[in-house]
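Results of the structural survey
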Amino acid sequence: MRPRTLFISAFAIAALFPASAMPQSLAEVARMEEARRKTVRGTAKVYTNDDLVHVRDESATPAPAAAPVPVPAATSAAPPAPATKPAVATDATPDAKDEKYWRSRVAAAQQSISRNKVLLSALEARVNGLNTDFVNMDDPFQRNVIQENLKTTMAELERVKQDIANGTKALTAIDDEARKANVPPGWLR
């Protein structure tokens, strides 16, 4: 009998409080929100990705405190040179070295290497074709023309190989520069 009395008492309690069991209507919720907004004063700060990047940049590389440089009073009238590293000449100002700057540098280097690799493949195919033509040609005049074309193509092939090597070195230099500047690795992909 206990479960039955428990059920009846729970039903009686639910019957006594029907208003608390009823959900609020949408109009009531809207009125309450409007009243709440009227009581709130001031404007809210909206944070964007740009705000977060600037905060991260400032906190990631704190500027070291400049140590005072002792200067003898009688040695010279010129002010002492600041104890900083020499400025490196770049295409952009230090403030402009953001994610877009690093991505564009890496993309340009990778695109140059990729373009040179395609050109290398084409030149290798041309060299193979010219070698075949040279071997199969009986006419001495045409063989000389093919031989000159082969020399020119071989010189161009070596130049493109050197360009690929230089591009790879430049890409490595960009990676090293970015690492020293504490650039997030995701910016270089």
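In what follows, the accompanying structure is described. (Residues numbered from 1 in each chain as written. Predicted model: local features only at pLDDT ≥ 70, side-chain atom pairs only at ≥ 80, totals over all residues. Heavy atoms only, no water.)

1. Description of the overall build of the protein chain
Within the protein chain, the regular secondary structure consists of 6 helices and 0 strands. In the protein chain, the succession of α and β elements from N to C terminus is α-α-α-α-α-α. Taking all 189 residues of the protein chain together, 12% fall into the buried category. Sequence separation of 24 or more characterises 68% of the internal contacts of the protein chain that already satisfy a separation of 6 or more. About 15800 Å² of surface is accessible on the protein chain, with carbon and sulfur atoms providing 61% of the total. (Helix = DSSP H or I, 4+ residues; strand = E, 2+ residues; numbered from the N terminus. Buried < 20%, exposed > 50% of the residue type's maximum accessible area, 1.4 Å probe, protein only. Contact = heavy atoms within 4.5 Å. Areas by Shrake-Rupley, 256 points an atom, 1.4 Å probe, with all protein chains shown as cover.)

2. With respect to the pattern of salt bridges
Within the structure shown, the criterion is met by 9 salt bridges. Where E33 meets R37, a salt bridge forms, and the shortest distance between an N and an O atom there is 3.1 Å. Here R37 and E33 lie together in helix α3 (residues 26-39), a separation of 4 residues that amounts to about one turn. With relative accessibility at 27%, the residue E33 sits in the partly exposed group. Among the residues examined, R37 registers a relative accessible area of 59% and is labelled exposed. (Salt bridge = Lys/Arg side-chain N within 4 Å of Asp/Glu carboxyl O.)

3. Re unusual backbone geometry
Even without being a glycine, N182 presents a positive backbone phi close to 60 degrees. Topologically, N182 is positioned in the segment after α6 (140-180).

4. Some remarks on the side chain of T153
Relative to the helices and strands, T153 resides in helix α6. Judged by relative accessible area, which is 6%, T153 ranks as buried. T153 has contacts with L123, R126, V127 and L130, leaving out every residue within four places of it along the chain.

5. Let's talk about the nonpolar core
By size, the foremost hydrophobic cluster in this structure holds 11 residues: Y101, W102, V106, A109, I113, L171, I174, A178, V183, W187 and L188. Sorting the residues of this core by element identifies α5 (99-136) and α6 as the ones contributing at least two each. Among residues more than four places away in sequence, those in contact with I174 are W102, R105, V106 and A109. With 9 residues, the next largest nonpolar core counts L120, I146, L150 and I164 among its residues. (Core = buried A, V, L, I, M, F, W, Y, C linked by side-chain atoms within 4.5 Å.)

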